[in-house]
Amino acid sequence: MAWDLELILVVATAATGLIYYGHFFWYRLRRQAPPIHRPWFAEWSHALFPVLLLVLVLRTFAIEPFRIPSGSMIPTLLVGDLVLVNKYSYGLRLPVLHTRILEVGKPERGDVVVFRYPKNPNQDYIKRVMGLPGDEVAYVGKRLMVNGEVYPLTEARPFLDAITGLPYPYRTQYTESISGRQHEILHDALSKSVPENFTVPPGHYLVMGDNRDSSRDSRDWGYVPEGHLVGRAFLIWMNYELLLPSLTNPEVSLLSRLGKIE
């Protein structure tokens, strides 16, 4: 769980810092020079504290890695994709408490965001922002309409398996345009679309998976509060599940998976 890992990192950083500097200041208060050979726990703390502090600062305020656990964002993100999340995009927050200390920016329509799942804040989800606070959103006939504007779909084509290169039955891939930005989405011909209408409340966002017929998102469990945002996913840097197939099969291109997230 992301919250547990963050808490462990905070506690470990604080503990090693207190042990090392507490040991140092103990001798300063007693007006004694620290011994040349420090206790083992002081040596370990001296070695670990700067490393833990650097990791904590980077992970909290700059960049955090995230692994895609499900297929809800296919075809943009595949299961096993390792992505980098920009923690600075939507403001700096304190670790564990998640209190925002500096406002930098806000999500835009089309951003791929990582957030703490509203039903279980200990779990991180990744989806695409499709509705901003105050937006009127309709999803009818597998077409998305925001504030009366229908997002166009172009380039219908079969969806191909990343390893075999064969098309998935009944799956169709489209390019969707939103506010001048384009991204890929997936439809399942066997899945029916139920007309839905949403009014995004203030301070919340409507998110959807690019695998529109196989994604549990705001259509199921509601909106994402602004305070639950973690950051913007911006780069795919590895997929270990495709690494071995790409080494043994020249038709599997791992490099095509790597790069900027649209």
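Read on for a plain summary of the structure. (Residues numbered from 1 in each chain as written. Predicted model: local features only at pLDDT ≥ 70, side-chain atom pairs only at ≥ 80, totals over all residues. Heavy atoms only, no water.)

**Quick word on the side chain of N211**
Reasoning step 1: With respect to the secondary-structure elements, N211 resides in the loop between β14 (204-208) and α3 (218-221).
Reasoning step 2: Setting aside anything within four residues of it in sequence, one finds N211 in contact with G71, S72, M73, I74 and L186. (Helix = DSSP H or I, 4+ residues; strand = E, 2+ residues; numbered from the N terminus. Contact = heavy atoms within 4.5 Å.)

**Some words on the side chain of R116**
Reasoning step 1: Inspection of the secondary structure assignment puts R116 in strand β5 (residues 112-116).
Reasoning step 2: No salt bridge forms around the buried R116; measuring N to O, its nearest opposite-charge neighbour D124 is 5.9 Å away.
Reasoning step 3: A distance of 2.9 Å separates the side chain of R116 from the backbone oxygen of G227, its partner in a polar contact.
Reasoning step 4: Among all residues touching R116, those that are not within four sequence positions of it are H98, P121, Q123, D124, G227, H228 and V230. (Buried < 20%, exposed > 50% of the residue type's maximum accessible area, 1.4 Å probe, protein only. Lys, Arg positive; Asp, Glu negative; His and termini not counted. Salt bridge = Lys/Arg side-chain N within 4 Å of Asp/Glu carboxyl O. Polar contact = N/O pair within 3.5 Å; in protein donor to acceptor, adjacent residues only side chain to side chain.)

**Remarks on the nonpolar core**
Reasoning step 1: F66, L77, V83, V112, I126, A233 and I261 are the most contacted members of the largest nonpolar core, which totals 13 residues.
Reasoning step 2: When residues of this core are traced back to their parent elements, those giving at least two are β2 (81-86), β5 and β16 (229-239).
Reasoning step 3: The dominant element in this core, judged by the number of residues it contributes, is β16, at 3 residues.
Reasoning step 4: Setting aside residues no more than four positions away along its own chain, I126 makes contact with F66, I68, S72, M73, L77, V112, V113, V114, F115 and A233.
Reasoning step 5: Judged by nonpolar contacts, the second largest core, of 12 residues, contains V113, F115, Y125 and V129. (Core = buried A, V, L, I, M, F, W, Y, C linked by side-chain atoms within 4.5 Å.)

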